[in-house]
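Overview (structure and organization)
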Amino acid sequence: MPALSDTTPRPARLGCAGCHDLRCRGGACETPHDASTDPERRRARRLPSRRGVRLSGLRCDRTLAWATLQGHYAAHGRDLDLREAFARDPQRFEALSFEAPEVFVDLSKNLVDTATLQFLLELARECGVAERRDAMLRGDTINATEGRAVLHTALRAPPGSAPFSADVHGVLDAMLGWVDALHARIADGSSPIRHVVNIGIGGSDLGPQMVVGALEPYVDRGLDVRFVSNVDGHDLQAALRGMDARETLFVIASKTFTTQETMANAVAAKAWFDAGGGTDVAGHFVATTSNVEAAARFGITTTFGFWDWVGGRYSLWSAIGLPIALAIGSARFRELLAGAHAMDRHFTEAPADRNVPLLLGLLDVWYRNFHGFASRSVAPYHQGLARLPAFLQQLEMESNGKRVDASGAALPYETSPVVWGEPGTNAQHAYFQMLHQGTDVVPVEFILVKQPAPGVDGSTPLGAQLARQHRMLLSNGLAQAQALMLGKTAEQALEERAGTGGAAEAEQVLARHRTFPGNRPSSTFVLDALTPRALGALVALYEHRVFTSGAVWRINSFDQWGVELGKTLSAALLPAFEQRGGPLPAHLDPSTRGLLGRLLG
Ligand SMILES: O=P(O)(O)OC[C@H]1O[C@](O)(CO)[C@@H](O)[C@@H]1O
């Protein structure tokens, strides 16, 4: 078989080899070009820049708006009753529902009124959210602890409209050209590739995996795209079961190309490929990374690159999106980018009081810091979005799960809520009991998609049945939001069982179990259809929402130092597992030592 790389463009250019700055054309670079080999200089380049930690605006809890919101919460917010609010204001739905590109958002079932939103918008103004957004879009080093700009928005901007446009579109065109060529060869029978296995973890897995699942009806050329992330070898084994090495393309996806799990799985994949009679590693392994040199050392010659200003959890728009493009084709990948760009423009241009990501981020602050709600549940009523909660866990909790501000000062207020969820209707039969009757209030986010997948229509008996099921799905989603808000009184519960003949006392007790407090908040997002464009817009909506709450909380939403300690300790423990039988390390705490003994014994 011809090597896949034969027809491929050269690896993506990653900017100046010395300073890794894409703007640098060599001659203008003040950093000696041999600096990349000098660890001291490399470290120095990563030091926080002063520019990055100089934050505009006030710390949120020192603003006037914060004090106003505290008063508003005590006077109106804490006791706001949604049922009364709707009875008082027949226009509440119209006043509190919003249009963003591709996504309609109903916030009217939340514990807010228009005054709450005005005070929250004032908070955003005092905290300098718009200034921070503009600094991000300009390419300022807002990720100060890593000395990096944050420019995922540039990845989906049309040519010439954002920083690094030539580089971004150079890689994008090369990657999509490569995808088109492979698809053409699959179509004319000259490529045996049938399966793609993306090996990556975190941002190099969750985004592409979520998108490929969501856009399954758009899968092109019948390519079967799978994802392997866990260092647990069962993950890889399960993904490869029944596959033929000659028909398999591996995408090794890692921004750093050093991540333990991904590297281990890549080695295992290579062993599987060799054992399966594969000979052409260069033709069956490609890499998506910002560390082209490491990919080359692995023996990979086809690499699509990206830049240090693309954070892992914001990277599905970059070369990390290769498995998405392989699954749905280049034109639809461009639609995904276009949808995200439309949301970027909305976030930049829409007036604050109609700016949906801004309002959602502020609502998160309201619930977290004033109501004290510690978690939010996301319930997509679409099986394709099954991995959305997992994707959002990384996006939101890795971004905003911080306890110091961007300058390192300890924060006296709470930051990221726990984000969790499952697709409806499955979630209803699992944890919705707690949402309706538990002791904690958990705001819920319902995501409803008006139209079923293309082809689900009444033209065949199966299509008609699936269309009916789609109607069931939507009625379930809508009903759950209704039930959370309306609840059921003890009197209603008693009334329902009137005449069933139960003893009065027993009926009273039962009614208490069958009572729902109601007044539980939810937001409902409505998409017309789960198209690539709509999904792009939805994901960008979440990205900007997380940016907004992070900016109010004054944290660096773009680093992730909290994942480092565990990695270091794991590397220190590994030798004990590898040299089985040797003495246990003496310095360990008694619990870790005891468990280690148990595992090694
Ligand atoms: O793409 P890489 O470099 O393999 O990193 C994978 C993931 O690991 C993390 O650094 C966390 O461990 C994420 O932020 C990132 O998405």
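Residues numbered from 1 in each chain as written. Predicted model: local features only at pLDDT ≥ 70, side-chain atom pairs only at ≥ 80, totals over all residues.

So, on to the overall build of the protein chain. Along the protein chain, the regular secondary structure elements total 24 helices and eleven strands. Relative to a compact globule of 601 residues, whose C-alpha radius of gyration would be 25 Å, the protein chain shows 26 Å and is just as compact. In terms of principal-axis extent, the alpha carbons of the protein chain reach across some 75 × 60 × 60 Å. Within the span of the protein chain, comprising 601 residues, buried residues form 45% of the whole. (Helix = DSSP H or I, 4+ residues; strand = E, 2+ residues; numbered from the N terminus. Rg over C-alpha atoms; globule rule 2.2 N^0.38 Å. Buried ≥ 20, exposed ≤ 12 C-beta atoms within 10 Å, placed from the backbone.)

Our next topic: the site of the ligand. Not every one of the 14 residues close to the ligand is listed here, only the nearest: Gly202, Gly203, Ser254, Thr259 and Gly312. When grouped by side-chain class, the residues that make up the shell around the ligand number two nonpolar, nine polar and three charged. (Near = placed C-beta within 6 Å. Nonpolar A, V, L, I, M, F, W, Y, C, P; charged D, E, K, R; others polar.)

So, on to the packing of helix H3 (residues 64-77) against helix H6 (residues 114-127). The interhelical angle for the contact between H3 and H6, taken along N-to-C directions, is 160°, at an axis separation of 8 Å. Classed by the angle they form, the pair H3 and H6 counts as roughly antiparallel. Like other packed secondary-structure pairs, H3 and H6 cross with a definite hand, here left-handed. Along its contact with H3, which presents Leu64, Ala65, Trp66, Thr68, Leu69, His72 and Gly77, the element H6 presents Ala115, Thr116, Phe119, Leu120, Glu122, Leu123 and Glu126. (Axes fitted to C-alpha atoms, helices over the stretch in contact; angles between N-to-C directions. Parallel < 35°, antiparallel > 145°, perpendicular 65-115°, else oblique. Left-handed = near helix turned anticlockwise from the far one by under 90°. Contact = placed C-beta atoms within 7 Å.)

Our next topic: the environment of proline 217. Among the structural elements, proline 217 can be located in the loop between helix H9 (206-214) and strand S4 (224-228). Taking C-alpha positions, proline 217 is 28 Å from threonine 289, a pair spaced 72 residues apart along the chain. Setting aside residues up to four positions removed in sequence, proline 217 forms contacts with Ala453 and Pro454.

Take the sheet that holds strand S3 (residues 195-199) next. Here we have five strands laid out as an open sheet, ordered S4-S3-S5-S6-S7, and parallel in their pairing. On the outer flanks of this sheet lie S4 and strand S7 (302-305), each paired with one strand and no other. When the angles between neighbouring strand axes are averaged without regard to direction, this sheet yields 20°. Its contacts with the sheet place helix H11 (residues 260-275) against S3, S4 and strand S5 (248-253), and it is angled at close to 145° to S3. (Pairing = 2+ DSSP bridges.)

Each assigned domain of the protein chain is listed with its residue range as follows: domain 1 (60-127 + 350-486 + 520-559), domain 2 (153-333) and domain 3 (564-600). Once you take the C-alpha centre of each, domain 1 and domain 3 turn out to be 42 Å apart. (Domains from an automatic or database assignment.)

Look at the UniProt record and you will see "active site" (unreviewed entry) annotated at Glu398, His429 and Lys567. Spatially, the listed residues are scattered: they cover 170 residues, and their C-alpha atoms lie as much as 36.2 Å apart. Its location among the elements puts histidine 429 in the loop between strand S9 (418-420) and helix H18 (432-437). For histidine 429, a count of 10 C-beta atoms within 10 Å puts it in the exposed group. Turning to its location among the elements, lysine 567 is positioned in helix H23 (residues 564-578). (UniProt positions renumbered as here; feature names shortened; annotations may be inferred.)

Next up on the list: the sheet that holds strand S2 (residues 103-106). Strand order in the open sheet formed by six strands is S1-S2-S11-S10-S8-S9, and the pairing between neighbours is mixed. The open sheet has two free edges, formed respectively by strand S1 (97-100) and S9, since each of these has just one partner strand. Recorded for the sheet is a direction-independent mean angle of 20° between the axes of neighbouring strands. For strand S8 (residues 375-381) and S9, the ladder comprises three bridges, and the chain directions are parallel.

Residue glycine 424 is joined to threonine 425 through a cis peptide bond whose omega torsion reads 10°. Of note, phenylalanine 164 is a non-glycine position whose phi angle comes to about 60°, a positive value. Note that phenylalanine 164 resides in the loop between helix H7 (129-138) and helix H8 (165-187). A positive phi is found at asparagine 519, a non-glycine position, where the angle reads about 60°. You can see asparagine 519 is positioned in the loop between helix H21 (504-513) and strand S11 (522-527). For asparagine 519, a count of 19 C-beta atoms within 10 Å corresponds to the partly exposed category.

Here serine 290 lies in the loop between strand S6 (285-289) and helix H13 (292-297). C-alpha of serine 290 to C-alpha of serine 254: the two residues are 36 residues apart in sequence and 7.8 Å apart in space.

This next bit is on the confidence of the model for the protein chain. Taken as a whole, the protein chain shows an average pLDDT of 90; of its residues, 91% reach a score of 70 or greater. Below a pLDDT of 50 lies the segment residues 1-52, which in the model reaches 86 contacts outside its immediate sequence neighbourhood of four places, other chains included. Here the complex is predicted with pTM 0.91, and the ipTM for its interfaces comes to 0.98. (pLDDT = per-residue confidence, 0-100.)

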